[in-house]
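One-letter residues, chain by chain:
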Amino acid sequence: MIKFGTGGWRAIIGEEFTKDNVTLLAQGIALYIKNKDEEEKDEAGFIVGYDRRFLSKRAAMWFCEVMAANEITVYLIRDIAPTPLIMYTVDDLKLKYGIAVTASHNSYDYNGIKLFAGGGRDASLETTKEIENIVNGLTLKDIKEMEFEEGINLGKIKEIDPFNDYIDNILQDIDVGKIKEKRLKVLLDPMYGVAKTCLQTVLISARCSIDVINDRHDPLFGGRLPSPSAETLNKLRDMVVDRKYDLGIATDGDADRLGIIDEKGNFIHPNDILVLLYYYLLEYKGIKGGVVRNIATTHLLDRIAKDYGEECYEVPVGFKHISQGMEEHGAIIGGESSGGLTINGRIRGKDGIYSASLIVELICVTNKKLSELLEEIHNKYGKMYMEERNYAFSQMKKEELYHLLFVEKKLPNYKQPIKKISYEDGMKIYFENDGWIIARFSGTEPVLRIYAEMESSLEVSKIANEMEQFLNLE
């Protein structure tokens with residue numbers, strides 16, 4: 001059974017990520033598109049891109065072969081491509097659909113498919129559910145395929161190179177003049193993924209001095225998760241401090257998420273990246289508007305929004321909800337604590353390359369180091385501390401946890417006064433003191449996640465420990 005999570009369909013290579021399943025999914029998407037386009041009298045067109053994971057290029061070709069056989073014109077990006085570049089191309093060519101062959105920040109043994117809709121956004125839950133139903137009603141005999149070269153010769157598969165358009169679009173949007181004045185010294189860590197060429201080109205064009213680590217092709221990602229976190233960026237942190245870089249920038253495997261190391265070697269949590277950028281847009285650029293965050297992202301954004309007479313809108317986990325929330329409310333920025341964010345006027349999905357470029361602009365325009373600007377924000381709005389914990393489990397344990405949390409709806413015996421409880425996405429407890437804790441099952445991995453945020457590190461560990469003990473987790 002092929003099932004989409006919050007970040008697309010992902011599976012272990014050789015187990016569920018196989019040619020049979022990739023082509024079944026391609027056939028299901030082709031049938032979905034043809035039905036929709038027939039209803040709307042539009043000509044079908046489709047973008048395909050891929051990252052550096054094992055089997056990604058081959059899987060992209062399999063996808064193209066099925067689409068071409070179903071009389072859908074496929075535009076294949078001819079080289080490895082960051083996910084935001086693929087999403088940008090869907091929007092730029094005014095097409096309604098596209099995919100990236102990637103498993104994003106998952107471990108090396110995974111691969112998958114992210115499905116995009118018009119405007120460069122993640123496909124909606126309704127779309128993916130409908131495709132799941134189509135796919136899981138198909139057999140291998142239902143798959144239409146043609147040889148890749150035949151598709152090229154017939155003009156049904158067209159190779160394209162949108163690299164320059166994507167780069168130029170970013171350069172037009174950021175303050176290149178201010179960045180040029182500062183000549184920042186920046187160290188990049190693409191984590192063996194696909195961000196290097198695009199991000200390096202943007203920053204060199206703005207006259208930054210750039211060095212790069214961990215950029216060779218390595219499908220094992222150097223033996224670590226291609227996910228920028230305090231635990232995975234030790235080399236970047238050490239080099240920033242030792243060689244006196246102004247900034248360290250890391251991106252995950254497909255470059256839609258961002259990690260930052262400041263000039264002192266501090267890991268800037270994705271929550272703080274969001275806070276920095278929202279504050280920068282409001283205070284320094286004079287752009288008015290609200291912010292959209294998911295349920296597991298810092299409430300410091302709420303305080304900033306309130307101070308400027310704006311609103312902070314909370315949505316479920318999954319970037320499609322952030323994109324939708326931004327459209328509905330006209331918000332100027334939206335993001336999540338896992339490192340993904342987008343700015344109004346850009347693609348409607350996560351873009352680690354543009355976000356990194358905007359962080360560089362922020363430093364140059366404010367003429368302040370990241371640590372100084374964060375201190376300015378914390379002096380105004382206080383500081384919040386977050387903990388995230390992940391727990392793997394058996395199917396039996398999952399059923400037990402689900403029954404306890406969502407059927408019996410039992411809670412730990414917290415001493416802090418509780419303001420309200422939400423079951424919109426997982427179980428979230430809002431405390432009267434502005435703190436909160438959430439327990440929810442991941443949509444992309446077989447784990448239970450606990451997120452908590454309080455005004456002190458001791459408090460946040462305490463409430464997380466109490467939830468862990470209540471659920472009998474280790």
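Rules used in this analysis
Residues numbered from 1 in each chain as written. Predicted model: local features only at pLDDT ≥ 70, side-chain atom pairs only at ≥ 80, totals over all residues. Heavy atoms only, no water. Helix = DSSP H or I, 4+ residues; strand = E, 2+ residues; numbered from the N terminus. Rg over C-alpha atoms; globule rule 2.2 N^0.38 Å. Contact = heavy atoms within 4.5 Å. Lys, Arg positive; Asp, Glu negative; His and termini not counted. Charge placed at Lys NZ, Arg CZ, Asp CG, Glu CD. Salt bridge = Lys/Arg side-chain N within 4 Å of Asp/Glu carboxyl O. Buried < 20%, exposed > 50% of the residue type's maximum accessible area, 1.4 Å probe, protein only. Pairing = 2+ DSSP bridges. Axes fitted to C-alpha atoms, helices over the stretch in contact; angles between N-to-C directions. Polar contact = N/O pair within 3.5 Å; in protein donor to acceptor, adjacent residues only side chain to side chain.

Draft legend 1. Geometry of the overall build of the protein. The number of helices and strands found in the protein is 16 helices and 21 strands. Its C-alpha atoms give the protein a radius of gyration of 22 Å, within 12% of the compact-globule value 23 Å for 474 residues. Projected onto its principal axes, the C-alpha coordinates of the protein cover approximately 65 × 60 × 40 Å. Put simply, 69% of the contacts in the protein that link residues at least 6 apart link residues at least 24 apart. A gap of 2 Å separates the mean positions of the 60 positive and 76 negative side-chain charges of the protein.

Draft legend 2. Local environment of the pattern of salt bridges. Throughout the structure, instances matching the rule amount to 26 salt bridges. Residue Asp189 is joined to Arg224 by a salt bridge in which the shortest nitrogen-to-oxygen separation is 3.3 Å. Residue Asp189 is found in strand β8 (residues 185–189), and its partner Arg224 is found in the loop between β9 (209–212) and α9 (234–242); the two are separated by 35 residues along the sequence. With a relative accessible area of 1%, Asp189 lands in the buried category.

Draft legend 3. Spotlight on the pairing of strand β13 (residues 291–294). Across the two faces of β13 the burial is the same, with Val291 and Arg293 and Val292 and Asn294 all buried. Judged from the three bridges that link them, β13 and strand β15 (residues 333–335) form a sheet pairing that is parallel. Note on β15: the bridge partner recorded for Val291 is Ile333.

Draft legend 4. Quick peek at the sheet that holds β13. Read from one edge to the other, the open sheet built from four strands follows the order β14-β13-β15-β16, with strand pairing classed as mixed. Two strands in the sheet have a free side with no partner beyond their single neighbour: β14 (312–315) and β16 (341–343). Strand-to-strand twist across the sheet, computed as the mean angle between neighbouring axes with direction ignored, equals 15°. Pairing geometry for β13 and β14, over four bridges, is parallel. Bridge assignment links Asn294 to a residue of β14, and that residue is Val315. Where helix α11 (residues 300–307) meets the sheet, it contacts β13 and β14, and its direction lies at approximately 165° from that of β13.

Draft legend 5. Here's a closer look at the side chain of Asp351. Inspection of the secondary structure puts Asp351 in the loop between β16 and α13 (352–366). Within the structure, the side chain of Asp351 is placed 2.9 Å from the side chain of Tyr166, a separation counted as a polar contact. Of note is the side chain of Asp351, whose polar atom sits 3.0 Å from the backbone nitrogen of Ile353. In contact with Asp351, other than residues within four places in its own chain, are Pro84, Tyr166, Ala255, Asp256 and Leu341.

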